[in-house]
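Secondary and tertiary structure notes
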Amino acid sequence: MNSSILNSSPGHSISNTSEPTIVNTNVIVNEDGTTRVLQRPSRRSTTAGGESNRSTEVPLPSQVRTPIEEEEEFELKYGAKHVIKLFAPVSLCMLVVVATISSVTYYTRKDGYLLYTPFHEDSPDTGTKVWNAVANSLILICVIIVMTIFLIILYKKKFYKVIHGWLILSSLMLLFLFSYLYLKEVLEAYNVPLDYITVAIVMWNFGVVGMISIHWQGPLILQQAYLIFISALMALVFIKYLPEWTTWFVLAVISIWDLVAVLTPRGPLRILVETAQERNEQIFPALIYSSTVMYGVVGTMTASDDEIPKKPKRKRNAPTRPMAQGEGGQNDRDSSDVGGFTSEWREGIDTRAEARTRSNQEQSRTTSSTNPTSARRVEELHPAPQQTDEEERGVKLGLGDFIFYSVLVGKASSYGDWNTTLACFVAILIVSF
């Protein structure tokens, strides 16, 4: 049995074993005069030279957190972190719209209407304006529903090229045509002269960089900036071309449609998200603002992507490789071979990966204990792979939400009442986050 000396303060006990047990003692005096002793054991390890290292306290049972508590704490910290990451871009998008409405009169003049709003609310009668607004909002929401269902069908059928062509065309119009109109009106509002050659060069570089950042690859902050800008542009377009009463009715109808499309079991947007999760794919970056890196890798996928070897977590009936001429009698090949990889090899991917990870960790611990300098050098030369959970679990928000919030705040600011504008801004932040 190991003998140990109990002291009222830690760090003064010596044991006759190589790993002595040190007891941290706390004395508590009760109200009736009796005393109660609380003891917390800790372990002190000794090196080869006899010097003792820093003691490590053994946590009490009450201090040990369950995995559920750790997961809840992680979710709380993770959610707060990424909510802040969405708080800034949403606020910035609304700020751009409000600043433009306040300084550029072009977006508050009613000199045209959208094709989807045939009723222009020209009558002074309130009842006529109401039914015109209702009719316009119903027509517009029907167009949105039809286009959303069409997008879901294309995605379910894996017509990725059609979807990308659709999104690229929309981005071209926003980044070149609507951006040019925005720049032109801003320069006129502030009376800044600029020649057409410079404008052409600026718009070309702005549009090309935007297309590359959104639809291909680029810095995350640059992609986010472009998504915020095109959302603000769309909000300004709706504020300018939608009739007065129709704007408010459209906002009300779209909020109801958003609840139906996301929360109902057969909602189109819910089907889109579930389909993307089943296929382990990212939704198109041109439709989603993400707080983490998200590239449109689905754009390079075709119907033949089922031939790529999958992990056993998601077993799918992959088609066999078509036999070339002269292989008709070769039946010894396993029909489950996909891309040259047998089913046994694919089933052992995870096992081999875990074994390599454990081996690398043990080697790293051994190297660091024997030679800390060389261990740091190895870590610098061969850094550990970054965790992808943070990227995959990044908070995402549809660009439609950016446009919806910006139209609401921008329309409120067009009346010149800053109290109403600020109230709308605060209400959006409270309800959304």
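Here's a quick rundown of the structure. (Residues numbered from 1 in each chain as written. Predicted model: local features only at pLDDT ≥ 70, side-chain atom pairs only at ≥ 80, totals over all residues. Heavy atoms only, no water.)

A word on the overall build of the chain
For clarity, the cut-off: Every helix listed is a DSSP run of H or I at least four residues long, and every strand listed is a run of E at least two residues long, numbered separately from the N terminus. Relative accessible area decides the class of each residue, using a 1.4 Å probe on protein chains only: under 20% of the type maximum gives buried, over 50% gives exposed, and in between gives partly exposed. Whether two residues are in contact is decided by their heavy atoms: any pair within 4.5 Å suffices. Note that accessible areas follow from Shrake-Rupley with a 1.4 Å probe, and for residues the cover is restricted to the protein chains shown.
Along its length, the chain carries 13 helices and five strands. Counting the 433 residues in the chain, one finds 30% classified as buried. When contacts within the chain are restricted to residue pairs at least 6 apart in sequence, those whose partners lie at least 24 apart make up 63%. If you sum the accessible surface of the chain, you get close to 27,700 Å²; carbon and sulfur atoms cover 61% of it.

Quick notes on the pattern of salt bridges
Rules: Each reported salt bridge corresponds to a side-chain nitrogen of Lys or Arg within 4 Å of a carboxyl oxygen of Asp or Glu.
This model, assessed by the stated rule, comprises five salt bridges. For the salt bridge of Lys240 with Asp111, the shortest nitrogen-to-oxygen distance reads 2.7 Å. One end of the pair, Lys240, is in helix 5 (residues 220–241); the other, Asp111, is in the loop between helix 1 (67–103) and helix 2 (126–156), and 129 residues separate them in sequence. Where Arg270 meets Glu274, a salt bridge forms, and the shortest distance between an N and an O atom there is 3.1 Å. Of this pair, Arg270 and Glu274 both sit in helix 7 (residues 268–278), four residues apart, which is roughly one turn of the helix. Under the relative-accessibility criterion, Glu274 is labelled partly exposed at 33%. Among the charged side chains, a network of salt bridges with common partners joins Lys184, Glu185 and Glu188.

Some points on the environment of Ala133
Among the structural elements, Ala133 can be located in helix 2. Along the sequence, Ala133 and Thr246 sit 113 residues apart, while their C-alpha atoms lie 4.2 Å from each other.

Function-wise, these values are silent; they only describe arrangement.
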